[in-house]
Amino acid sequence: MEFGSFLGIEDFYYLRKISGAMKNPRTRFNDTMFIEEGEDYLLPYLADNVGPVDETRRKFIKGVVFGIGAIAAASVLDAVRGLQVPLAGENAYVKMLLVDSTGTAVKASSVPVNNPVIVLYEYPLTNEINFLLNLGDTSGNPLALASTSVTIPENGSTYTFPGGVGANKSIVSYSAICQHLGCKPPNIHYYPPQYMKTGLTFPDFLPPDALAAAQKANLPGIIHCDCHGSTYDPYHGAAVITGPTQRPLPSTVLEWDSSTDQLYATGSIGVPVYGHTSTLSGGTTVSGTSSTVSNSSNPFTS
Amino acid sequence: MKVMDRISSLTGKIISKFSLKQFVDINEQPLFRMPNYMFRLRYWLGALVAAAFIWEVVTGLFLLLNYYPSDPYNQTQTIISKIPFGAPILYSHLYGAYFMIFLAYIHLFRNYFDGAYKRPRQLLWVVGLLLFALALGTAFTGYSLPADILGADADGVAHGILAGAPAGSTLITILFGNGTSVDMYTKLLGWHVIFAVILGALVGVHFMLFEQYGVMPSKKVKEKVPAVYPKETWEKFNPWFPRNFVYTLELTLFIWGLILLIPNVVINIPNIPNSISPLLSPAPLVSPSQSLPPGTPAFPPWFFLFLYKSIDFLQPNGAPYTPFIASLLSGMLPALYLLVLPWLDRSDETAAHKRTLFAGIGILLVTYLVQLSVWAAVDPGIPEPFSTQVGLMLPPVFVAFVSLYLIPRAIHSKKGERSLTPKNAALLIVVGLVIVGTWSSLLRHLSIYLIGVFIPIAMTLVLFATRFARGVETAPVEEKAPRMMTYNIAIVFMVMLFLIAAGILALMIRYPDTGPESTYWGIGTGIILLIFSYALSLYGYLFYPQENDEVKIVHPGTKKTSGGRGIEVQGASGEAENQADKA
Ligand code: FES
């Protein structure tokens with residue numbers, strides 16, 4: 001297929017002759033006949049009115065038809081982009097007051113320490129649930145949680161976890177969706193110090209390696225996912241202790257108003273919530289300026 | 001009597017007046033005609049898949065009319081408890097998909113081991129694989145629609161797998177929408193239907209290609225590529241109507257009967273253990289906001305279990321794969337292999353024992369599929385170090401190739417004589433077990449380990465089973481099988497079947513058509529369909545020729561007139577099989 005034989009000047013001249021003959025009332029091109037008979041009409045028509053189509057010209061015409069076809073296909077297929085819908089969500093974090101089911105503000109001092117019950121609220125989107133935890137030591141006294149740097153094993157980068165809030169600096173909040181494959185409570189939950197042992201009833205057993213890893217790191221409790229065994233350190237920004245997860249749980253930033261003892265969620269740091277490209281997009285926004293905290297269930301049945 | 005004659009002549013006139021036959025005569029269509037010996041299940045596996053697909057379309061349309069993407073979980077519960085026949089139809093829709101995928105696996109591997117992908121059927125094979133991929137896509141989207149906890153988990157896992165893929169976030173929005181629940185279930189429903197429609201169109205292409213090449217003749221008829229009947233041969237076989245039609249109907253009703261019967265029986269079994277209920281339950285489980293009953297693992301459907309296990313695999317250095325890479329390795333690699341298979345295996349042999357390498361790979365594919373699936377069911381979500389993977393997945397390689405090497409050799413050890421009796425075969429199994437017994441350090445995974453050992457041996461035996469069967473068989477195949485049943489017995493039998501079916505119907509209509517008791521409709525109708533299928537089978541047995549026409553094509557393409565059916569009865573070739581048959 002030589003380019004020269006494809007696009008000779010005589011070809012353009014020939015094309016001009018064709019268009020002239022087609023417009024000429026005496027030799028008008030019959031569209032209906034062409035649609036019905038295709039090449040069988042076109043070729044004799046050209047032979048009669050313009051001169052026979054030789055092999056080169058025929059190839060050229062075919063090439064142009066294919067070219068137009070390709071352009072048409074590309075232009076139609078461009079609409080495939082219409083399949084990509086813009087993600088729902090919001091543009092910026094809204095500061096939200098944490099309230100209980102009656103609508104009354106949750107008091108930081110009344111959040112139980114080392115609570116085995118799973119306590120959740122949605123923020124910033126309705127499909128993004130978060131744990132609300134008040135962490136203590138083995139004897140149940142609140143632990144002051146300092147700001148630390150958290151590493152994302154997946155890419156080695158780090159970010160700063162701001163630490164606990166409340167009078168004792170012991171209240172924290174994390175996304176409750178496992179970063180491995182998205183398991184949700186009650187599959188993933190907090191194991192307070194009193195349940196850091198083996199031999200609990202299925203499914204709330206702790207696999208020995210998770211327990212050993214927690215003891216090695218000297219942690220009173222852990223967040224553990226029963227789906228595939230990912231373990232997170234709630235005392236240090238939900239950093240990864242055991243895989244398979246490659247990402248820490250995102251921290252939901254809390255603000256404590258010391259005058260009223262009320263808690264506010266103000267943002268999120270770390271990786272996006274599982275299943276979202278950004279924590280702010282991919283779901284319906286929690287409406288209003290408050291989010292309801294609710295006791296979901298107590299996974300420890302024994 | 002006179003009245004009867006009048007009526008029959010009148011109906012005859014009316015029928016011939018309005019007969020479609022004057023416009024379309026199905027037997028004038030260029031449809032492949034089947035020889036007598038092919039009216040056996042193994043030649044109709046594709047028809048079984050198609051039957052299940054038709055069931056899915058019909059029940060799917062009913063469900064489509066009753067599904068609300070805005071409230072998927074509750075509406076599914078409404079379908080089950082309030083809509084007449086909703087429960088049996090929904091349950092059979094799930095089990096119909098199970099049947100379809102299971103039968104597609106059987107169909108695929110039968111064609112694999114019979115070398116049916118070879119010239120001239122390469123395109124048929126490729127279209128078949130596309131159909132399989134589409135079926136899995138349809139199954140996945142459908143599985144999510146009830147919006148129960150399993151569906152939600154499956155979507156979570158799909159997000160994780162896609163997030164690691166190139167352009168993953170775009171794919172996620174295309175498949176799952178903008179993140180709101182309504183959009184997600186609208187999209188999933190849409191894709192479920194779109195995939196099913198494309199599937200249906202491709203089934204048409206698949207069927208037309210099948211008609212073009214015809215059924216692959218048995219190995220006895222033609223062993224070498226191209227395994228096709230010459231046109232002048234097959235044109236003399238049974239016309240499509242009525243025999244092919246009756247047999248197709250029989251199989252279709254058989255599959256429909258099972259699809260309707262089994263889930264509606266399963267739902268009525270009390271106390272299914274929690275550990276397997278996600279795999280068996282025909283009904284959706286709890287909603288995602290509730291917790292599963294204790295001891296219930298969050299399984300994907302059984303046909304994705306192998307993929308689920310591969311996500312637990314760790315690399316040799318102990319780091320996990322990303323879910324995308326893991327599913328690429330366990331899902332895409334085998335798929336690519338199968339796709340290019342017709343161009344890899346270019347020999348003109350179709351018999352499995354003459355394609356040892358490809359038969360071996362096929363056996364391994366089946367073994368790994370079962371092994372990984374059972375593994376995922378037994379140890380869901382437990383990370384597996386590289387050493388465990390090797391310990392469990394390497395022995396099948398040895399077992400497969402050792403048994404593929406030994407068993408045919410045992411068959412051919414003495415020329416002309418079959419030395420592999422079932423006793424020797426059992427001995428071979430023991431030898432095989434001893435060889436691999438050295439790996440027995442893996443007690444924790446014993447069951448999975450044993451699967452990896454047994455399947456290759458069993459499959460090798462099955463692949464060669466027809467060959468021993470012929471070796472053991474002493475009686476020659478009768479040219480005309482004697483009828484075992486006289487027409488009088490058959491009449492009594494048919495009347496009994498009719499009465500049983502009528503009895504079941506009478507019993508069934510006493511139960512309400514909504515709520516849990518509507519599943520009795522599913523059970524009863526399932527049994528009636530099975531009875532109908534059996535009656536057709538009896539009819540075919542009584543009225544259609546049973547002569548064995550499984551005879552070798554001597555010179556394909558040349559017309560033979562001496563054989564009566566256009567094919568020459570096999571001559572005195574040195575083929576051991578023929579001698580065995582004559583002995
Ligand atoms: S989803 Fe939590 S460990 Fe896999």
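Residues numbered from 1 in each chain as written. Chains lettered and ligands numbered in written order. Predicted model: local features only at pLDDT ≥ 70, side-chain atom pairs only at ≥ 80, totals over all residues. Heavy atoms only, no water.

Summarise the overall build of chain B; cite the residues concerned and give the values.
The helix and strand inventory of chain B stands at 21 helices and zero strands. Residues classed as buried in chain B amount to 50% of the 583 residues present. For chain B, long-range pairs separated by at least 24 residues make up 78% of all intrachain contacts whose partners lie at least 6 apart in sequence. Of the roughly 28200 Å² of accessible surface on chain B, a fraction of 71% belongs to carbon and sulfur atoms. (Helix = DSSP H or I, 4+ residues; strand = E, 2+ residues; numbered from the N terminus. Buried < 20%, exposed > 50% of the residue type's maximum accessible area, 1.4 Å probe, protein only. Contact = heavy atoms within 4.5 Å. Areas by Shrake-Rupley, 256 points an atom, 1.4 Å probe, with all protein chains shown as cover.)

Explain the overall build of chain A residue by residue, including any values.
If you tally the helices and strands in chain A, you get six helices and 14 strands. For 302 residues, the compact-globule estimate of 2.2 N^0.38 gives 19 Å, and the C-alpha radius of gyration of chain A, at 34 Å, exceeds that figure by more than 25%. Overall, chain A is about 105 × 40 × 35 Å in size when its C-alpha atoms are taken along their principal axes. Within chain A, buried positions represent 46% of all 302 residues. In chain A, once contacts between residues fewer than 6 apart in sequence are set aside, the share between residues at least 24 apart is 64%. In chain A, 17 side chains carry a positive charge and 25 a negative one; their mean positions are 8 Å apart. (Rg over C-alpha atoms; globule rule 2.2 N^0.38 Å. Lys, Arg positive; Asp, Glu negative; His and termini not counted. Charge placed at Lys NZ, Arg CZ, Asp CG, Glu CD.)

Let's hear about the side chain of Thr367(B): which residues, and what values?
Summarising the element assignment, Thr367(B) is placed in helix α14 (residues 356-378). Once residues within four sequence positions are removed from consideration, Thr367(B) is found in contact with Pro396(B), Ile451(B), Gly452(B), Ile455(B) and Pro456(B).

Outline the domain arrangement of chain A, supporting the account with residue identities and numerical values.
For chain A, the domain assignment lists domain 1 (9-81) and domain 2 (96-297). The C-alpha-based centres of domain 1 of chain A and domain 2 of chain A are spaced at 69 Å. (Domains from an automatic or database assignment.)

Mind laying out the sheet that holds strand β10 (residues 239-242) of chain A, listing which residues take part and the relevant values?
Residue and element names in this part refer to chain A. One open sheet holds the four strands; their spatial order is β7-β8-β9-β10, and the pairing between them is antiparallel. The strands lining the two open edges of the sheet, one partner per strand, are β7 (188-191) and β10. With strand direction ignored, the average angle separating the axes of adjacent strands in the sheet is 30°. On top of the sheet, helix α6 (residues 208-216) reaches β8 (222-225), β9 (231-233) and β10; it is set at about 125° to β10, its chief contact. (Pairing = 2+ DSSP bridges. Axes fitted to C-alpha atoms, helices over the stretch in contact; angles between N-to-C directions.)

Explain unusual backbone geometry to me, and be specific about the residues and the numbers.
At the junction of Pro185(A) and Pro186(A), the peptide bond is cis and its omega measures out at 5° in the coordinates. Pro242(B) follows Phe241(B) through a cis peptide bond whose omega is 5°. Within the secondary structure, Pro242(B) is located in helix α10 (residues 240-266). The phi torsion at Ala167(B) lies on the positive side, around 55°, for a residue other than glycine. Summarising the element assignment, Ala167(B) is placed in the loop between α6 (149-163) and α7 (168-176). In this model, Asn271(B) sits at a positive phi of 55°, which is unusual for a non-glycine residue. With respect to the element layout, Asn271(B) can be found in the loop between α10 and α11 (277-280). Classification of Asn271(B) by relative accessible area gives exposed; the value is 74%.

I'd like to hear about the pairing of strand β6 (residues 171-175) of chain A, residue by residue, with values.
Along a regular strand, successive side chains alternate from one face of the sheet to the other. All names here are of chain A. The element β6 is largely enclosed, with a buried count of five among its five residues. Bridge analysis of strand β3 (residues 129-134) against β6 gives five bridges, and the strand direction is antiparallel. If you follow Leu133 over to β6, its bridge partner there is Val172.

So, the packing of aromatic side chains: which residues are in play, and what are the values?
Here the structure, examined in full by the defined rule, presents 37 aromatic pairs over all chains. Taken together, a centroid distance of 4.9 Å and an interplanar angle of 55° make the contact between Phe85(B) and Trp521(B) tilted. Residue Phe85(B) is located in the loop between α3 (72-81) and α4 (86-113), and its partner Trp521(B) is located in helix α20 (residues 519-543); the two are separated by 436 residues in the primary sequence. Connected via pairs of aromatic rings, a cluster forms that spans Tyr105(B), Phe109(B), Tyr112(B), Phe113(B), Tyr117(B), Trp125(B) and Phe132(B). The lysine or arginine in question, Lys95(A), covers the ring of Tyr264(A), its NZ or CZ lying 4.6 Å from the ring centre. (Phe/Tyr/Trp six-rings, centres within 6.5 Å; stacked < 30°, edge-to-face > 60°. Lys NZ or Arg CZ within 6 Å of the ring centre and 35° of its normal.)

Tell me about the state of the cysteines, and name the residues and values.
Residue and element names in this part refer to chain A. Applying the stated rule across the entire model yields one disulfide over all chains. In this model, Cys183 is linked to Cys227 through a disulfide, with the two sulfur atoms separated by 1.9 Å. In this structure, the disulfide formed by Cys183 and Cys227 twists by about -95° around the S-S bond and is classed as left-handed. Taken together, the positions of Cys183 in the loop between β6 and β7 and Cys227 in the loop between β8 and β9 put the pair 44 residues apart, joining distant regions of the chain. Cys227 shares its class with Cys183; the two are buried. (Disulfide = S-S within 2.5 Å.)

Describe α7(B), with residues and values.
Think of an α-helix as 3.6 residues a turn; residues three or four steps apart then line up on the same face. Residue and element names in this part refer to chain B. Listed in full, the buried residues belonging to α7 are Gly168, Ile172, Thr173, Ile174, Leu175 and Phe176. On its buried face, α7 is in contact with α5 (122-144), α6 and α8 (181-213). The first or second residue beyond α7 is Gly177, which carries a positive phi of 85°.

Describe the packing of α4(B) against α10(B), and please don't skip the residues or the numbers.
A pair of packed helices can be characterised by two numbers: the angle between their axes and the separation between those axes. Residue and element names in this part refer to chain B. Relative orientation of the contacting elements α4 and α10 amounts to 120°, with a least axis distance of 8 Å. Accordingly, the angle class assigned to the pair α4 and α10 is oblique. In the crossing of α4 with α10, the sense of the turn from one axis to the other is right-handed. Every residue of α10 that contacts α4 at Pro88, Tyr91, Ser92, Tyr95, Gly96, Phe99 and Leu103 is listed here: Ile255, Leu258, Ile259, Leu260, Ile262, Pro263, Asn264 and Val266. In the contact of α4 with α10, the residues fall into twelve nonpolar, three polar and no charged. (Parallel < 35°, antiparallel > 145°, perpendicular 65-115°, else oblique. Left-handed = near helix turned anticlockwise from the far one by under 90°. Nonpolar A, V, L, I, M, F, W, Y, C, P; charged D, E, K, R; others polar.)

Would you mind going over the interface of chain B and chain A in detail, with residue names and values included?
Counting residues at the interface gives 28 residues for chain B, matched by 23 residues for chain A. Together, the buried faces of chain B and chain A total about 2000 Å²; carbon and sulfur atoms form 66% of this surface. Applying the counting rule to chain B against chain A returns zero salt bridges. Our count for the chain B to chain A interface comes out at five residue pairs in polar contact (both at pLDDT 80 or more). For the side of chain B that touches chain A, the secondary-structure elements that each account for two or more residues are α6, α7 and α8 of chain B. Tallying contributions element by element places α6(B) first for the side of chain B that touches chain A, with five residues. (Buried area = accessible area lost by both parts, 1.4 Å probe. Salt bridge = Lys/Arg side-chain N within 4 Å of Asp/Glu carboxyl O. Polar contact = N/O pair within 3.5 Å; in protein donor to acceptor, adjacent residues only side chain to side chain.)

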